[in-house]
Amino acid sequence: DVKVTQSSRYLVKRTGEKVFLECVQDMDHENMFWYRQDPGLGLRLIYFSYDVKMKEKGDIPEGYSVSREKKERFSLILESASTNQTSMYLCASSTNQPQHFGDGTRLSIL
Amino acid sequence: KQEVTQIPAALSVPEGENLVLNCSFTDSAIYNLQWFRQDPGKGLTSLLLIQSSQREQTSGRLNASLDKSSGRSTLYIAASQPGDSATYLCAVKRGSNDMRFGAGTRLTVKP
């Protein structure tokens, strides 16, 4: 069974902090994704990566960056956290389809 | 720009009822459409995937249909159970890494 693990289920940070969200997958998938999920808006793609050290912007990359130094790990970085980045963050991985999702990180920025 | 809409946003039914969840999309140039289930505080689990050339897919009590020309998909759940309570999301795939998600329908099945 595919396992996508997000390091934290809940996280509380302060405005202006640099925040790291980690995601690890165990199925050697090439593709990895970061989404945020907000009520009434569905999932929106922040960034994705199709290979180590490769990254592509999604629909809402502003205020975020990513890092993929190893195939199994994809990190989302909030450079300077702001209150409008309070959200549920979901990581996913895939070779083709379907995408396999982690359980999410609920991030609150105070 | 592709938009995906799911109506209703929430649905409550008594146990045993058959029900239909709706998904509509604005651009018919899609590779496939996928239905997901999301339990509270959890990630998404894939239920059914329909390729653009297919009309429907079935898995157990679930049946999903796709009408590309009208930009619609339905998820039919037969003989609903309390364990079916969850949020159901549809997503359309346009490009190799371009998936658009609806906001979901929150289903409650009452015992």
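Just above, that's the structure.
To start, this report covers the structure provided alongside it.

Quick notes on the overall build of chain A
Across its full length, chain A carries zero helices and eleven strands. Going residue by residue from the N terminus, the α and β elements of chain A occur as β-β-β-β-β-β-β-β-β-β-β. For chain A, the C-alpha atoms occupy an extent of roughly 35 × 25 × 25 Å along the three principal directions. A fraction of 54% describes how many contacts in chain A between residues 6 or more apart in sequence connect residues 24 or more apart. Per element, the accessible surface of chain A, about 5,400 Å² overall, is 48% carbon and sulfur.

Considering the interface of chain B and chain A
Taken together, the contact between chain B and chain A spans 18 residues of the former and 21 residues of the latter. Buried surface at the junction of chain B and chain A, summed over both partners, amounts to about 1,500 Å²; 49% is from carbon and sulfur atoms. Broken down residue by residue, the surface that chain B buries against chain A is led by Leu44, Asn97 and Phe101 of chain B, which jointly contribute 36%. There are two salt bridges connecting chain B and chain A. Elements supplying a minimum of two residues to the side of chain B that touches chain A: β4 (32-38), β5 (44-51), β9 (86-95) and β10 (98-101) of chain B. Sort the elements by how many residues they give to the side of chain B that touches chain A and β4 of chain B lands first, with four residues.

Things to note about the pattern of salt bridges
Applying the stated rule across the entire model yields twelve salt bridges over all chains. A salt bridge links glutamate 79 of chain A to lysine 18 of chain A; its shortest N-O distance comes to 3.8 Å. With glutamate 79 of chain A in the loop between β8 (73-78) and β9 (87-94) and lysine 18 of chain A in the loop between β2 (10-13) and β3 (19-25), this residue pair connects regions lying 61 residues apart in the sequence. For lysine 18 of chain A, a relative accessible area of 47% gives the class partly exposed. In this structure, arginine 36 of chain A engages aspartate 38 of chain A in a salt bridge whose closest nitrogen and oxygen atoms are separated by 2.9 Å. Salt bridges sharing common partners tie together Asp59 of chain A together with Arg94, Asp98 and Arg100 of chain B.

Digging into the state of the cysteines
Summed over the entire model, instances satisfying the criterion amount to two disulfides over all chains. In this model cysteine 23 of chain A forms its disulfide with cysteine 91 of chain A; the gap between the sulfur atoms is 1.9 Å. Given an S-S torsion of about -75°, the disulfide between cysteine 23 of chain A and cysteine 91 of chain A has left-handed geometry. Pair noted here: cysteine 23 of chain A is in strand β3 and cysteine 91 of chain A is in strand β9, with a separation of 68 residues, a long-range link. There is a disulfide in this structure between cysteine 23 of chain B and cysteine 90 of chain B, and the S-S distance comes to 2.0 Å. Judged by the torsion about the S-S bond (75°), the cysteine 23 of chain B/cysteine 90 of chain B disulfide is right-handed. Highlighted residues: cysteine 23 of chain B in strand β3 (residues 19-25) and cysteine 90 of chain B in strand β9, separated in sequence by 67 residues.

Cut-offs and rules
- Residues numbered from 1 in each chain as written.
- Chains lettered and ligands numbered in written order.
- Predicted model: local features only at pLDDT ≥ 70, side-chain atom pairs only at ≥ 80, totals over all residues.
- Heavy atoms only, no water.
- Helix = DSSP H or I, 4+ residues; strand = E, 2+ residues; numbered from the N terminus.
- Contact = heavy atoms within 4.5 Å.
- Areas by Shrake-Rupley, 256 points an atom, 1.4 Å probe, with all protein chains shown as cover.
- Buried area = accessible area lost by both parts, 1.4 Å probe.
- Salt bridge = Lys/Arg side-chain N within 4 Å of Asp/Glu carboxyl O.
- Buried < 20%, exposed > 50% of the residue type's maximum accessible area, 1.4 Å probe, protein only.
- Disulfide = S-S within 2.5 Å.

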